[in-house]
Amino acid sequence: DTNKTTDGLTKYAKERKELTERITRVYDDLVELNIKVHEPIGDIFEIGLLMPTKYTHQKITFITKELNRWDKIFKTFKELTGETPEDTELNFVSNGSLQFFIDNSPEVAVCLALTIERVVNIYKKIIDIRVTRLKLKELGISVIEQKSIEKQEKEILNKEIDKIALDIVKEFALKSIESGRANELKIAVKGHVAYIAKCIDGGMTIEINPPVVDLPKNLSDKEDGKKLKTNYDKILKQIEVAQKSMDVLKSIGDTGIDIVRYLSDGEKEAEENSEEE
């Protein structure tokens, strides 16, 4: 229906024009009030935890428990990458959908980014298996075969969580960490990975906001130019890793897999141990 399509496009164009004009007015007002856009600077990566009401249920006990868990995640990643595992500081808090923002080093940000990306890839794999299982169910496969496939979903999830934890420790742990402590960190990371998967599945939005970096001056300087360029290229690579993980995370939307029932006793125990640390 050409007329209906034309009317729809006209309505859309009008609504879009009104929206852009409203945004422009708000922007101009903010500029006039000298309210600037907040952006991380230097080598600071800002990590945001956005918790909607459906996730927190507006319960203080739940929110403090979640923040405590994230404090432990940041401390573990800091220790892995050679930083002092100090208490996590909140830099910004926004109400509505509760939003907490925490400054962290590039190393911690990259550690979290790779964890998120690999967790999302597990989800995609399990979602594909689930879709196939439901199609086979429609085609009339037996209940026994359905349960067998569902069991494989659980096995894949727990196997992949274990692999992510091992990979993260191997990739980021300093060689100076003694073997006993390294094993403890591996168990903690395993619990953190399972917990991050639960957060994503439960509706929490995790953001990694990289700093704005400009090409350094004095690159022509023989002594400092090479070092400045090396550090600049390094931070650009870290920003690329963080942005890639955020793109991957946005690609799955709401998962609704109900991750808890897929965790084996081993993963649940690791998560509980990381919570008790």
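Asker: I would appreciate a short explanation of the overall build of the chain in the present structure.
Answerer: Along the backbone of the chain there are 8 helices and 4 strands. Ordered by position from N to C terminus, the α and β elements of the chain give α-β-α-α-β-β-α-α-α-β-α-α. For the chain, the spread of C-alpha atoms along the three principal axes comes to 70 × 65 × 40 Å. Of the accessible surface of the chain, which amounts to about 17100 Å², a share of 52% is contributed by carbon and sulfur atoms. Considering the chain, the positive charge centre built from 44 side chains and the negative charge centre built from 52 side chains are found 4 Å apart.

Asker: Looking at this model, I keep getting lost on the pairing of strand β4 (residues 205-209). Mind explaining?
Answerer: Along any regular strand, the residues point their side chains to alternate faces of the sheet. Side chains Ile206 and Ile208 of β4 all project onto a buried face; the interleaved residues Thr205, Glu207 and Asn209 project onto a face where none is buried. Across 5 bridges, strand β1 (residues 45-51) lies against β4 in antiparallel orientation. The residue of β4 that forms the bridge with Gly48 is Glu207.

Asker: Just to check I follow, could you spell out unusual backbone geometry for this structure?
Answerer: Backbone phi values are negative for most residues with the exception of glycine, while trans is the configuration of most peptide bonds. Positioned with a positive phi, Asn34 is a non-glycine residue whose angle comes to about 60°. Here Asn34 shows up in the loop between α1 (2-32) and β1. Taking relative accessible area as the criterion, Asn34 reaches 57% and is therefore assigned exposed. Although it is not a glycine, His57 sits at a positive phi angle of roughly 55°. Mapped onto the fold, His57 is located in the loop between α2 (53-56) and α3 (60-80).

Asker: Quick question: what am I supposed to make of the packing of helix α4 (residues 106-138) against helix α7 (residues 225-250) here?
Answerer: Each packed pair of helices is defined by two parameters, the angle between the axes and the distance between the axes. At their nearest, the axes of α4 and α7 sit 8 Å apart, and the two run at 30° to each other. Our classification of the angle between α4 and α7 gives roughly parallel. Like other packed secondary-structure pairs, α4 and α7 cross with a definite hand, here left-handed. Facing Pro106, Glu107, Val110, Ala113, Leu114, Ile116, Glu117, Val120, Asn121 and Lys124 of α4, the residues of α7 in contact are Lys234, Ile235, Gln238, Val241, Ala242, Lys244, Ser245, Met246, Val248 and Leu249.

Asker: Hey, could you run me through the sheet that holds strand β2 (residues 92-94) in this one?
Answerer: Strands belonging to one sheet form pairs held by backbone hydrogen bonds; the direction of such a pair is parallel or antiparallel. Taken in spatial order, the 4 strands line up as β2-β3-β1-β4 in an open sheet, and their pairing is antiparallel. Whereas interior strands pair on both sides, the edge strands pair on one side only; in this sheet they are β2 and β4. On average, adjacent strands in this sheet sit at an angle of 15° to one another, irrespective of strand direction. Where β1 meets strand β3 (residues 98-104), 7 bridges bridge the pair, whose relative direction is antiparallel.

Asker: Sorry if this is basic, but what is going on with the environment of Val169 here?
Answerer: Turning to its location among the elements, Val169 is positioned in helix α5 (residues 143-172). On the accessibility criterion, Val169 (13% relative accessible area) is buried. Considered as a pair, Val169 and Gly42 are 127 residues apart in the sequence and their alpha carbons are 26 Å apart.

Asker: Sorry, what's going on with the side chain of Lys78 here?
Answerer: Structurally, the position occupied by Lys78 is in helix α3. Here Lys78 is buried and forms no salt bridge, its nearest opposite-charge partner Glu83 lying at an N-O distance of 5.4 Å. Contact partners of Lys78, with chain neighbours within four places excluded, come to Glu83, Thr84, Pro85, Glu86, Asn104 and Val108.

Asker: Sorry if this is basic, but what is going on with the pattern of salt bridges here?
Answerer: Pairs can form between side chains of opposite charge whenever their charged atoms are close. One pass over the structure, following the stated rule, counts 12 salt bridges. With a closest N to O distance of 2.8 Å, Arg181 and Glu79 form a salt bridge. Of this pair, Arg181 sits in helix α6 (residues 179-202) while Glu79 sits in helix α3, and the two are 102 residues apart along the sequence. Between Glu171 and Arg118 there is a salt bridge, with its nearest N and O atoms 3.3 Å apart. Of this pair, Glu171 sits in helix α5 while Arg118 sits in helix α4, and the two are 53 residues apart along the sequence. Connected via shared salt-bridge partners are Asp71, Lys75 and Asp87.

Asker: Before we go on, may I ask you to explain the pairing of β1 in this structure?
Answerer: Of all 7 residues that make up β1, 7 are buried, and the element is covered over most of its length. Neither face of β1 is left uncovered, since the one carrying Phe45, Ile47, Leu49 and Met51 and the one carrying Glu46, Gly48 and Leu50 both have all their residues buried.

Asker: Would you mind showing me how to read the environment of Asn121 here?
Answerer: With respect to the helices and strands, the residue Asn121 is situated in helix α4. Sequence spacing of Asn121 and Ile208 is 87 residues, and the spatial spacing of their C-alpha atoms is 18 Å.

Asker: Explanation requested: the packing of aromatic side chains in the structure shown.
Answerer: Any pair of aromatic rings gets described here by the distance separating the centres and the angle formed by the planes. Using the criterion set out here, one finds 3 aromatic pairs in the structure. Measuring from ring centre to ring centre gives 5.8 Å for Trp70 and Phe74, while their planes differ by 40°; the resulting arrangement is tilted. A residue pair is termed a helical-turn pair when its members lie 3 or 4 positions apart in one helix, as Trp70 and Phe74 do in helix α3 at 4 residues. The pair formed by Trp70 and Phe74 is uniform in burial state, with each residue classed as buried. Arranged with centres 6.1 Å apart and planes meeting at 65°, the rings of Trp70 and Tyr195 form a pair that is edge-to-face. Residue Trp70 is found in helix α3, and its partner Tyr195 is found in helix α6; the two are separated by 125 residues along the sequence. The rings of Trp70, Phe74 and Tyr195 are connected pair by pair, giving a single aromatic cluster.

Parameters at a glance
Residues numbered from 1 in each chain as written. Predicted model: local features only at pLDDT ≥ 70, side-chain atom pairs only at ≥ 80, totals over all residues. Heavy atoms only, no water. Helix = DSSP H or I, 4+ residues; strand = E, 2+ residues; numbered from the N terminus. Areas by Shrake-Rupley, 256 points an atom, 1.4 Å probe, with all protein chains shown as cover. Lys, Arg positive; Asp, Glu negative; His and termini not counted. Charge placed at Lys NZ, Arg CZ, Asp CG, Glu CD. Buried < 20%, exposed > 50% of the residue type's maximum accessible area, 1.4 Å probe, protein only. Pairing = 2+ DSSP bridges. Axes fitted to C-alpha atoms, helices over the stretch in contact; angles between N-to-C directions. Parallel < 35°, antiparallel > 145°, perpendicular 65-115°, else oblique. Left-handed = near helix turned anticlockwise from the far one by under 90°. Contact = heavy atoms within 4.5 Å. Salt bridge = Lys/Arg side-chain N within 4 Å of Asp/Glu carboxyl O. Phe/Tyr/Trp six-rings, centres within 6.5 Å; stacked < 30°, edge-to-face > 60°.

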